[in-house]
Amino acid sequence: MVLTAGASDSTIQRIAGLGCRVEREDELFAALDKLLSDPSGYGLFIMDADSFGGLTAGHRAFRLLGEVAQRVPVILYSAECREQVFPQGRDKPTVLRAPLSSISLRVGFEHALQARVSLYA
């Protein structure tokens, strides 16, 4: 799922180009409700934090996901990001600098999904 109120179609197409079936949501609480109601229906949650108040709002949304964030990898992206974050566990989201480049999106995507990939290796 991609949560954004303003991502360009090219950003959505880049995400889809990584092999994702993209469901776009433009309302924060609707997206969180979908994830909390059926976390198994989503393999990744990507949030355009700038559309909802910046990185602080993105981290708050991550905390609201609670235990679901341990099962569904989360990527936040924001122009506020000065240093990209690739955490070792799922206790923190992957954070990327906006606008997303193809390279940073691919690296963030692979990092966020590394636990899932290793399950099938």
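Being a predicted model, the structure only gives us computed values, none of them experimental.

Asks: Go over the sheet that holds strand S3 (residues 45–48) with me, naming the residues and quoting the values.
Replies: Strand order across the open sheet formed by 5 strands is S2-S1-S3-S4-S5, with parallel pairing between neighbours. Whereas interior strands pair on both sides, the edge strands pair on one side only; in this sheet they are strand S2 (24–25) and strand S5 (94–97). Inspection of the sheet shows S3 paired to strand S4 (residues 74–78) by 4 bridges, in the parallel sense. Residue pairing in the sheet places phenylalanine 45 in a bridge with valine 74 of S4. Running at roughly 165 degrees to S4, helix H3 (residues 55–65) makes contact with S3, S4 and S5 of the sheet.

Asks: Break down the packing of helix H2 (residues 28–37) against H3 for me, with residues and values.
Replies: The relative placement of two packed helices comes down to the angle between their axes together with the axis-to-axis distance. Where H2 contacts H3, the two axes come as close as 10 Å, and the packing angle between them is 30 degrees. It follows from the interaxial angle that H2 and H3 lie roughly parallel. The handedness of the crossing between H2 and H3 is right-handed. Contact with H2, carried on its side by Leu28, Phe29, Leu32, Leu35 and Leu36, involves Ala61, Leu64 and Leu65 of H3 and no other residues of that element. Considered class by class, the residues forming the contact of H2 with H3 number 8 nonpolar, no polar and no charged.

Asks: Explain the side chain of histidine 111 to me, and be specific about the residues and the numbers.
Replies: Within the secondary structure, histidine 111 is located in helix H5 (residues 102–112). Side-chain polar atoms of histidine 111 contact the backbone oxygen of proline 87, separated by 2.6 Å. If we ignore the near neighbours within four places in the chain, the residues touching histidine 111 are Phe86, Pro87 and Thr94.

Asks: Mind laying out the pattern of salt bridges, listing which residues take part and the relevant values?
Replies: Pairing between side chains becomes possible if they bear opposite charge and their charged atoms approach one another. The full count for this structure, using the stated rule, is 3 salt bridges. Across the pair glutamate 23 and lysine 34 runs a salt bridge, and its minimum N-O distance is 3.1 Å. Here the residue glutamate 23 occupies a position in the loop between helix H1 (9–17) and S2, and lysine 34 occupies one in helix H2, the gap between them amounting to 11 residues. On the basis of relative accessibility, which here comes to 31%, the residue lysine 34 falls in the partly exposed class. Here arginine 106 makes a salt bridge to glutamate 110, at a shortest N to O gap of 3.8 Å. Residue arginine 106 and its partner glutamate 110 are both found in helix H5; the two are separated by 4 residues, about one turn of the helix.

Asks: Run through H5, naming residues and quoting values.
Replies: Restricting attention to buried positions, one finds in H5 the residues Ser104, Leu105, Gly108, Phe109, His111 and Ala112. Projection of H5 onto a plane perpendicular to its axis shows the buried side chains occupying an angular sector of 165 degrees, all on one side.

What counts and how
Residues numbered from 1 in each chain as written. Predicted model: local features only at pLDDT ≥ 70, side-chain atom pairs only at ≥ 80, totals over all residues. Heavy atoms only, no water. Pairing = 2+ DSSP bridges. Helix = DSSP H or I, 4+ residues; strand = E, 2+ residues; numbered from the N terminus. Contact = heavy atoms within 4.5 Å. Axes fitted to C-alpha atoms, helices over the stretch in contact; angles between N-to-C directions. Parallel < 35°, antiparallel > 145°, perpendicular 65-115°, else oblique. Left-handed = near helix turned anticlockwise from the far one by under 90°. Nonpolar A, V, L, I, M, F, W, Y, C, P; charged D, E, K, R; others polar. Polar contact = N/O pair within 3.5 Å; in protein donor to acceptor, adjacent residues only side chain to side chain. Salt bridge = Lys/Arg side-chain N within 4 Å of Asp/Glu carboxyl O. Buried < 20%, exposed > 50% of the residue type's maximum accessible area, 1.4 Å probe, protein only. Arc of directions from axis to C-beta.

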